[in-house]
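A closer look at the structure
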Amino acid sequence: MFLGTLLLLLLVSILLTVFNFQHNKNTLFLSGFLSLFALYGVTHYVVTVSQSVFWGAILYINFTPLYLLNGPLLYFYVRNTLADKLIFKRKDLLHFIPAILLLIGAIPYLTSTFEYKKEIISALYNDDSYALSFQGNVFLTITQNFILRLSLISAYAIKGLQLLFSYRKKEYHKVLLPKRQKRTTFRWLILLHILILSTVLSYAFFVAKITVNPQEFKSALNGGIIYGSAIFLGLIVLCLLLFPDILYGFPKQQLEGSLKSKSSKVKHIKRGFVKNKEQEKDQAYYRELEQEILSFFASDSSFLNPNFKMAHLV
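Owing to the predicted nature of the structure, the values given are computational and were not obtained by experimental measurement. (Residues numbered from 1 in each chain as written. Predicted model: local features only at pLDDT ≥ 70, side-chain atom pairs only at ≥ 80, totals over all residues. Heavy atoms only, no water.)

1. A closer look at a positive patch on the surface
What counts here: Exposure above 30% relative accessible area and the absence of a salt bridge qualify a residue for a patch, where like charges join within 9 Å and nonpolar side chains (Val, Leu, Ile, Met, Phe, Trp, Tyr) within 5 Å. Accessible surface area values rest on a Shrake-Rupley calculation with a 1.4 Å probe, where residue burial reflects the displayed protein chains alone. We define a salt bridge as a contact between a side-chain nitrogen of Lys or Arg and a carboxyl oxygen of Asp or Glu at a distance within 4 Å. His is not counted here, nor are the chain ends, while Lys and Arg score as positive and Asp and Glu score as negative. Lysine's charge is taken at NZ, arginine's at CZ, aspartate's at CG and glutamate's at CD. The helix count covers DSSP runs of H or I at least four residues long, the strand count covers runs of E at least two residues long, and both are numbered beginning at the N terminus. Only protein chains enter the accessibility calculation, which uses a 1.4 Å probe. A residue is then buried if its area is under 20% of the maximum for its type, exposed if over 50%, and partly exposed in between.
Taken together, the side chains of Lys179, Arg180, Arg183 and Arg187 make up a positively charged region of the molecular surface. Looking at where Lys179 falls in the secondary structure, it is placed in helix α11 (residues 179–212). For Lys179, a relative accessible area of 48% gives the class partly exposed.

2. Structural notes on the pattern of salt bridges
In this structure the tally under the stated criterion is 2 salt bridges. When the shortest N-O distance is used, the salt bridge between Arg79 and Asp92 registers 3.0 Å. With a gap of 13 residues between them, Arg79 in helix α5 (residues 70–83) and Asp92 in the loop between α5 and α6 (97–105) connect regions that are remote in the sequence. This pair shows no difference in class: Arg79 is buried, exactly as Asp92 is. In this structure, the salt-bridge partner of Glu115 is Lys118, at a minimum N-O distance of 3.8 Å. With Glu115 and Lys118 both in helix α8 (residues 114–126), this residue pair falls 3 residues apart, about one helical turn. A relative accessible area of 49% places Glu115 in the partly exposed class.

3. Focus on the side chain of Lys117
Put simply, the rule reads: Contact definition: two residues touch when any of their heavy atoms are within 4.5 Å.
Along the chain, the position of Lys117 falls in helix α8. Every residue in contact with Lys117, bar those within four places of it in the chain, is listed here: Ala57, Asn62, Tyr109, Leu110 and Ser112.

Below is the structure:
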């Protein structure tokens, strides 16, 4: 179940980029975050359950620096989604410093031969405590690496929640979406952070347990932590499959322009489209959607193809 959930999450992550990048480039950050999450889980599965020497030598430690990018990718996704545009400034590179430092510290292991890595992973399979005593990074021990990883992702998740609640008070009412879709999207972002923090919390218990009792390393990995993580990851996948519209963020620029235009308001009232503020937002959203559809038919003749489907238009 755990491996199947991870592979499904990895597949969904790839599809997010393939099908949504042209419409919402911020899905690249979400896809990267989910892919690294899935890769981390697959590595644990290989090392603790299948115990494949070949795949263990490929996955163990080699991708560790990338896991420190999880926090920044989550932050970029939430920040850009709330801003309704792609943002990446030069100062955002500062978020990559921990990953770069960890990469530098792992260079001796990364540049070692594949046979040496197979020997290390074989030794780990034969002795549970070796996983904590072996130091594959010149800067940090395995336990310190665990703590750094958990601390960073927790800090970024908490920051993301702060951004969301601040947005709820100041900008949420400006969002150009039907009320139900807006509420669903916002709740998805909250749920995503809660699931991440839940996964981190359960993993923190695991780190504490093996630090106190290193001999229980393998039994701890095969316990409730695996199944708990699978449930949390499965809920993320389920949300993406059931509510695909959550990927398109909070468009609001069009609405802000219409709210600033007094003549536009008068026109809406004359036509009888606006009875209250919520109805005005819904009507503005669908008018914008109508213009996009008409523009598509005017500039693209693919709809003349007998195989053209509504899915292509969507």
